[in-house]
Amino acid sequence: MIDRLSQHGACGWNAEQLKANSAASPTSPTSLQSCLSDNSVQTTVHVCQTETQSAIPAHSMIGNLACTLGRQTAAVAPRIIQMRRFLHGTHFRVSSSVEEALADGRPIIALESTIITHGMPYPQNLSMAREVEEIVRTNGSVPATVGILNGRIHIGLNDEELQFLAKSKNLVKVSRRDLPYVLSQGLSGGTTVSGTMIVAHKAGIPVFVTGGIGGVHREGEKTMDVSADLTELGRTAVAVVSAGVKSILDIGRTLEYLETQGVCVAAFGDSREFPAFFSRHSGFQAPCQVQNEEEAAKLIASTLALGLGSGVLIAVPCPKEEAASGQVIEAAIQEALSNARSKGITGKELTPFMLQKVNELTSGKSLDSNIALIQNNARVGSRIAVALSKIQTATGKRNLPRREKVTALRPVVIGGINVDFIAKARNTTIQAGGQTNAGQVSQSFGGVGRNLADCLSRLGKTPLFISALGKDEHSESILRYCRHMDMAGVLQLAGHSTATYCAVITGSGELSLGLGDMDIHQQITEQYVSKFKESLCLAPLVCIDGNVPVATIQYVCEIAREHQIAVCYEPTDENKASKPFLSDSWKALTYISPNLRELRAINRTLGHPVLADLPSRLEDVVRTAMTLTHPLLTQLHCVVVTLGMHGVLLCGRRVEGSVSLCPGTRKQNAAGELCATHYPAIPISREEIVNVSGAGDSLMAGIIAGLLAGHDTDTCVRMGLLAACLSLRSYEPISQEISTVSVNLEQVKARSWPEYSCPGIQSKTCQKPSDCDGCLGLYTCKLPRGKCGLKAVSRKTGTAQLSCQPAQFSNECVRGPLQMARR
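Residues numbered from 1 in each chain as written. Predicted model: local features only at pLDDT ≥ 70, side-chain atom pairs only at ≥ 80, totals over all residues. Heavy atoms only, no water.

This part takes up the overall build of the protein. From N to C terminus, the protein includes 30 helices and 28 strands. Every one of the 823 residues in the protein was classed for burial, and the buried ones make up 58%. Pairs at least 24 apart in sequence give 72% of the contacts found in the protein among residues at least 6 apart. Carbon and sulfur atoms make up 50% of the accessible area of the protein, which totals about 34200 Å². (Helix = DSSP H or I, 4+ residues; strand = E, 2+ residues; numbered from the N terminus. Buried < 20%, exposed > 50% of the residue type's maximum accessible area, 1.4 Å probe, protein only. Contact = heavy atoms within 4.5 Å. Areas by Shrake-Rupley, 256 points an atom, 1.4 Å probe, with all protein chains shown as cover.)

Right, here's the structure in full:
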């Protein structure tokens, strides 16, 4: 209840006051060690829930708060109820990045979508939308593009949703009057200034950036054609940052109408002249002027504090270097108006027609100016939002008070970002000695942490990503490429270089050599990560890679131990694999995902005997992996050993016949017997393999996504194998084809999977090896005689070719420390 009130309450309340007034009903995070079953997935939205809360009716809690909040409650309660129904109803969806920003009280910029659907042609509209969102991020705010998809209002759009709006035809232009109909009919469309203001206000976003607002149309005194944007500004408390009024409108009458509506209009910058969209000059003076972002923020804060219920219009002139000639565009406007009259075009169809026609008549100059001014508005608006946030934080007042950070559970990923240069030779063998090997060189964006966060985002489990970048040409490219991810936790440092990595790959796709400049990763310090402690404590899972400094890994492990958080460690490479194992920190880990070399390095660090040379035959590989895994499972819940073309070996505790992925209590973990399951890789030819650098990360991300979705172990691993297979065929480390459509439960069920091979290995051999030629006499069969109908590995050939017959298996074998799980 506190989180809802603190999100939607009256101006002037803050989260701390609300906490104090609700001491009788404390909240605590739901146990993060509980198994993520199907039921828990459906309830992850309610992170904080206690028996006390569920036992107290909502009306009773509101009544208790009313005693303290006094007379304000009566006036605000209807608004709270209305907002709660809106924000958590079937017609509303908030992206995870916007949800987090609302919870944190960070500055957010609302963006309209009519400029995408009706204002510009494709693909300029899509590139503009992406660039504007990136400008907002770069200047310190979180972008929240508002659009309507299939009858649902979306605040914050991912790249696929932006593409849908940019490419689709016959979308609706949605203003205030259109909202009920569009939602009731399940339609899609772009929100106008009016429609976006309504949504932003209800979500508690006080600043909205657009290109230019609507106004009184020319000859409006005859047609009464007045944009709903103007009346919305008179009744909705949102600050609109725009390049004034579109120059195709009657600017003088528009300013008069805004005065009638009680809207505070201020020109931004050195001049009081009201801008005319494409042109910096209109011949009209704005009633007010603000010199900079700080003055604009103070104006907005005063408006909100007064509770007038009306908005503010900040008119930002187009940049001087981009402003088109006013005379040229004015001539084009007159010609376009004449064409519109002759064709009988009026109402809301007039503006898009005029913009398109003016663009044609000016040979694209007006479109260039349009893009430049919306980018400039985004830059100015984002800085205004940052300044406003500082004012509200200092005074303890917000447009809508900060709510408790109790958003839907989502993972946290801490790790590196690299610019990868991949050099793939044509031949399967690379010639040494300084000579040039023929091949292809490509650039992509990688880093284990980034890869994990990228893949999880594509699978609908967008994590908070914590990392570090330099401020250079590479960092800007990375931020643009990763716009579908939550990069709010990525630190940018001037004077540092973004990490770069060069991989040399053989013609068969195997990594031959890697070189890296990774110094920036040392800036992912314990002190920086501690800023996100609350997110760590609420996360269902924290992933951390070996690029992170040892002290930071130890800090995360300590947090995990204190708060019972599941942590997955990705070793990254052989040299970094042992970082958590240099102290007892590793005992707080839940999962690790090493390859065989990394697993050997970990055992060497712990003082266990290891092989000097690693095997290549499947049965030998599995035997070695299980031997090296066994001492780690005294503390870890599960070890996922990646075996390259051989697939993956899952080692852990047996629960209901398979290796358990869901961590229980330490006592529960100790109760299950140790076992392992081998999952063959999806067959793929060498010719199809393009890039191996992100396959292992895709595998783990797929497994984690399945785990967070509450799927069983087999489904989780197979989701990982599907993701890995897609990335092997991709030039990027993480395939852009990975999505909730290509990797999901239905895809797992629809696919014909390779039968599990049976390379069951344990330290003691079977007492009756003659009973089963197929299993090499090396593993314990726990199944009743005759219950296994799958194939086993032949001692003679090392391949899965012999069918298990009733006489071949005995349940009388000696039990060893590791038992092979069979399917």
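Across the protein, the average pLDDT comes to 78, with 76% of residues at 70 or higher. The low-confidence segment residues 400-407, where pLDDT is below 50, has 49 contacts with residues more than four positions distant or belonging to other chains. For the stretch residues 757-823, pLDDT sits under 50, and the model shows 157 contacts to residues farther than four places along the chain or on other chains. (pLDDT = per-residue confidence, 0-100.)

Okay, the sheet that holds strand 14 (residues 439-446) next. Strand order in the open sheet formed by four strands is 14-13-17-18, and the pairing between neighbours is mixed. Whereas interior strands pair on both sides, the edge strands pair on one side only; in this sheet they are strand 14 and strand 18 (511-517). Geometrically, the sheet is characterised by an average inter-axis angle of 15 degrees between neighbouring strands, direction not taken into account. In the sheet, strand 17 (residues 500-505) pairs with strand 18 via six bridges, with the strands oriented antiparallel. Opposite Thr500, over in strand 18, you have Asp517 as the bridge partner. (Pairing = 2+ DSSP bridges. Axes fitted to C-alpha atoms, helices over the stretch in contact; angles between N-to-C directions.)

Ranked by size, the top nonpolar core spans 60 residues in total, and within it Ile155, Ile205 and Phe274 carry the most contacts. In contact with Ile155, other than residues within four places in its own chain, are Phe92, Arg93, Val94, Ser95, Val98, Ala144, Thr145, Val146, Val199, Ala203 and Ile205. By size, the runner-up hydrophobic cluster in this structure holds 59 residues, among which are Leu459, Leu541, Val640 and Ala695. (Core = buried A, V, L, I, M, F, W, Y, C linked by side-chain atoms within 4.5 Å.)

This next bit is on unusual backbone geometry. Cis peptide bonds are those with omega within 30 degrees of zero, and the linkage from Tyr122 to Pro123 qualifies with 10 degrees. Within the fold, Pro123 resides in the loop between helix 8 (114-119) and helix 9 (124-138). Positive phi values are uncommon outside glycine, yet Gln564 reaches one of about 55 degrees. Residue placement: Gln564 occurs in the loop between helix 24 (550-563) and strand 20 (567-570). Overall, the relative accessible area of 38% leaves Gln564 in the partly exposed class. In this structure, Thr572 takes a positive phi of about 80 degrees despite not being glycine.

Let us now look at the packing of helix 9 against helix 10 (residues 159-167). Two elements in contact, helix 9 and helix 10, have axes whose closest approach is 9 Å; the angle formed by their N-to-C orientations is 145 degrees. Seen along the crossing, helix 9 lies across helix 10 with a hand that is right-handed. Of the residues in helix 10, those touching helix 9 at Asn125, Leu126, Ala129, Arg130 and Glu133 are Asp159, Leu162, Gln163 and Ala166. In terms of residue class, the contact of helix 9 with helix 10 is built from four nonpolar, two polar and three charged. (Left-handed = near helix turned anticlockwise from the far one by under 90°. Nonpolar A, V, L, I, M, F, W, Y, C, P; charged D, E, K, R; others polar.)

Tracing the backbone through its elements, the reader meets His678 in strand 25 (residues 674-679). Assessed through its relative accessible area of 2%, His678 is described here as buried. As for His678 and Cys651, which are separated by 27 residues in sequence, their C-alpha atoms are 8.7 Å apart. A polar contact of 2.7 Å, which involves the side chain of His678, links it to the backbone oxygen of His646. (Polar contact = N/O pair within 3.5 Å; in protein donor to acceptor, adjacent residues only side chain to side chain.)

We now examine the side chain of Asp178. Examined against the element boundaries, Asp178 turns out to sit in the loop between strand 5 (172-174) and helix 11 (179-185). With a relative accessible area of 11%, Asp178 lands in the buried category. A distance of 2.9 Å separates a polar atom in the side chain of Asp178 from the backbone nitrogen of Ser175.

The next thing to look at is the pairing of strand 8 (residues 239-242). Within a regular strand, the side chains alternate between the two sheet faces. What you see with strand 8 is no split at all: Ala239 and Val241 on one side and Val240 and Ser242 on the other are buried throughout. In this structure, strand 7 (residues 207-209) lies alongside strand 8, joined through three bridges in parallel fashion. Bridged to Val207 within strand 8 is Ala239.

Glancing now at the pattern of salt bridges. Inspection of the entire model under this criterion finds 20 salt bridges. Here Arg623 makes a salt bridge to Asp620, at a shortest N to O gap of 2.8 Å. Of the two residues, Arg623 and Asp620 both sit in helix 26 (residues 618-629), three residues apart, roughly one turn of that helix. You can call Asp620 partly exposed: its relative accessible area is 21%. (Salt bridge = Lys/Arg side-chain N within 4 Å of Asp/Glu carboxyl O.)

Looking at where Phe532 falls in the secondary structure, it is placed in the loop between helix 22 (526-529) and helix 23 (533-538). For Phe532, a relative accessible area of 16% puts it in the buried group. Taking C-alpha positions, Phe532 is 9.4 Å from Leu464, a pair spaced 68 residues apart along the chain.

Another point: the pairing of strand 22 (residues 638-642). Within strand 22, five of the five residues are buried, which leaves it mostly tucked inside the rest of the structure. Alignment of strand 21 (residues 591-592) against strand 22, held across two bridges, turns out to be parallel. Considered in strand 22, the bridge of Ile592 is made with Val639. Sheet topology note: the strand 22/strand 23 (residues 648-655) ladder contains five bridges and is antiparallel. Each bridged residue has a counterpart across the sheet, and for Val641 the counterpart in strand 23 is Leu649.

Moving on: the packing of helix 14 (residues 228-235) against helix 15 (residues 251-260). Where helix 14 meets helix 15, the axes come as close as 9 Å, and the angle between the chain directions of the two elements is 30 degrees. Judged by the inter-axis angle, helix 14 sits roughly parallel to helix 15. Handedness of the helix 14/helix 15 crossing: right-handed. Across from Leu230, Thr231 and Leu233 in helix 14, the residues of helix 15 making contact are Thr254, Tyr257 and Leu258. Its residues assigned to classes, the contact of helix 14 with helix 15 comprises four nonpolar, two polar and no charged. (Parallel < 35°, antiparallel > 145°, perpendicular 65-115°, else oblique.)

Once that is clear, we can look at the packing of aromatic side chains. Taken as a whole, this structure holds three aromatic pairs when the rule is applied. Look at Phe445 and Tyr481: their rings are 5.1 Å apart centre to centre, the planes differ by 45 degrees, and that puts the pair in the tilted class. Note that Phe445 is positioned in strand 14 and Tyr481 in helix 21 (residues 473-481), a separation of 36 residues in sequence. With relative accessibility at 11%, the residue Phe445 sits in the buried group. (Phe/Tyr/Trp six-rings, centres within 6.5 Å; stacked < 30°, edge-to-face > 60°.)

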